[in-house]
Amino acid sequence: MLVNSKEMLEKAKKGHYAVPHFNINDLEWTKYILEKCNELNVPVILGVSDGAGKYMGGYNAIYGMVTGLIKDLNITIPVCLHVDHGCTETCKKALEAGFTSVMIDASKYELDENIRITKEIVDLAHAKGATVEAEVGHIGGTEDNITSDVFYATLEECERLYNETGIDSIAPALGSVHGFYKGEPNLNFERMALINEKLPIPLVLHGGSGIPNEKIEKAIECGISKINVNTELQASWSKAVREFLNTDDKAYDPRKVIGSGEKAMKQTIEDKVKLFKTVL
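Analysis parameters
Residues numbered from 1 in each chain as written. Predicted model: local features only at pLDDT ≥ 70, side-chain atom pairs only at ≥ 80, totals over all residues. Heavy atoms only, no water. 1 Å grid on protein atoms, 1.4 Å probe; cavity = no way out; pocket = protein on both sides within 12 Å on 5 of 7 lines; lining within 4 Å. Points joined across faces, edges and corners; volume = space filled by probe spheres on them. Helix = DSSP H or I, 4+ residues; strand = E, 2+ residues; numbered from the N terminus. Axes fitted to C-alpha atoms, helices over the stretch in contact; angles between N-to-C directions. Parallel < 35°, antiparallel > 145°, perpendicular 65-115°, else oblique. Left-handed = near helix turned anticlockwise from the far one by under 90°. Contact = heavy atoms within 4.5 Å. Nonpolar A, V, L, I, M, F, W, Y, C, P; charged D, E, K, R; others polar. Buried < 20%, exposed > 50% of the residue type's maximum accessible area, 1.4 Å probe, protein only. Right-handed = clockwise from strand over helix to strand, strands pointing away. Pairing = 2+ DSSP bridges.

Q: Could you give an account of empty space enclosed by the protein, with specific residues and numbers?
A: In this structure the tally under the stated criterion is three cavities of 30 Å³ or more. Computed from the structure, the largest cavity encloses a volume of approximately 50 Å³. Lining the largest cavity are Ala12, Lys13, His16, Tyr17, Asn196, Ile220, Gly223, Ile224 and Ser225. If you list the elements that add at least two residues to the lining of the largest cavity, you get helix H1 (6-15) and strand E11 (224-229).

Written as structure tokens, this is what we have:
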């Protein structure tokens, strides 16, 4: 069933595990994620970036696809349909389409402006029963062809963003990056634990792909309740598809080409769910 993120993330915060956020890019990816998470009996957050939203035809199309798959595949786990790194316009369109959660990313602005923009989206989302995630500091790396450096969030910034907006979860920039890492990730676990202790809302870790397992486990111990994964799914899927095409140069049916990555992608999903210790 389609739900917002509030209950699943609050349970994760109390239970010291993380809910997986897997980005979707097309119908097949959405189907694979839903099937595997339903098989594992765990909640899941389906993330839609701005680029993926445009690629899939828009937010109404995505909402219809996801709700249709949930019904036709008999999906019984809680599913949250979420905007990943949305701007004001994106979040408004997604909320109108029926998305149950949005991430408003105004982290590139000064804190006062970040708070103003975030509060506007919180008011709109809460009126529709949807939840809101926000970011403070800058998470590094490249996503949708936009590259940024890491700027670490402070406790004071996180407290202001929460107290002055009423957000439901927060993604403080604490050393993670989008995409694969060049070198060793430098996560600030001490500050992560402090923010988790001081704020009543769940913490989110972006850029979960490529972080060593022991650091993921440490992050969960320090209070991370939601972890975003995209690049590792792309890598495992594309590797399997490439191997399929290299062994069958006569393959042309797109269903077989795309489907050749299903097994590998589902294995990555299972590995992440087990690492995150996710439960229903």
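Q: Tell me about the packing of helix H10 (residues 231-247) against helix H12 (residues 262-276), and name the residues and values.
A: Contact geometry of H10 with H12 gives a least axis separation of 7 Å together with a crossing angle of 150°. One element, H10, and the other, H12, form an angle in the roughly antiparallel class. As for how H10 packs across H12, the hand of that crossing is right-handed. Touching Glu232, Leu233, Ser236, Trp237 and Ala240 of H10 are Glu262, Ala264, Met265, Thr268, Ile269 and Lys272, all from H12. Among the residues making up the contact of H10 with H12, the classes are represented as six nonpolar, two polar and three charged.

Q: Let's hear about the pairing of strand E2 (residues 44-48): which residues, and what values?
A: Burial of E2 is extensive: five of the five residues sit out of reach of the surface. Side chains of E2 alternate between two faces, with Val44, Leu46 and Val48 and Ile45 and Gly47 buried alike. Running through helix H2 (residues 27-40), the crossover from strand E1 (residues 19-23) to the neighbouring parallel element E2 is right-handed. The pairing of E2 with strand E3 (residues 79-86) spans five bridges and is parallel. Residue pairing in the sheet places Val48 in a bridge with Val83 of E3.

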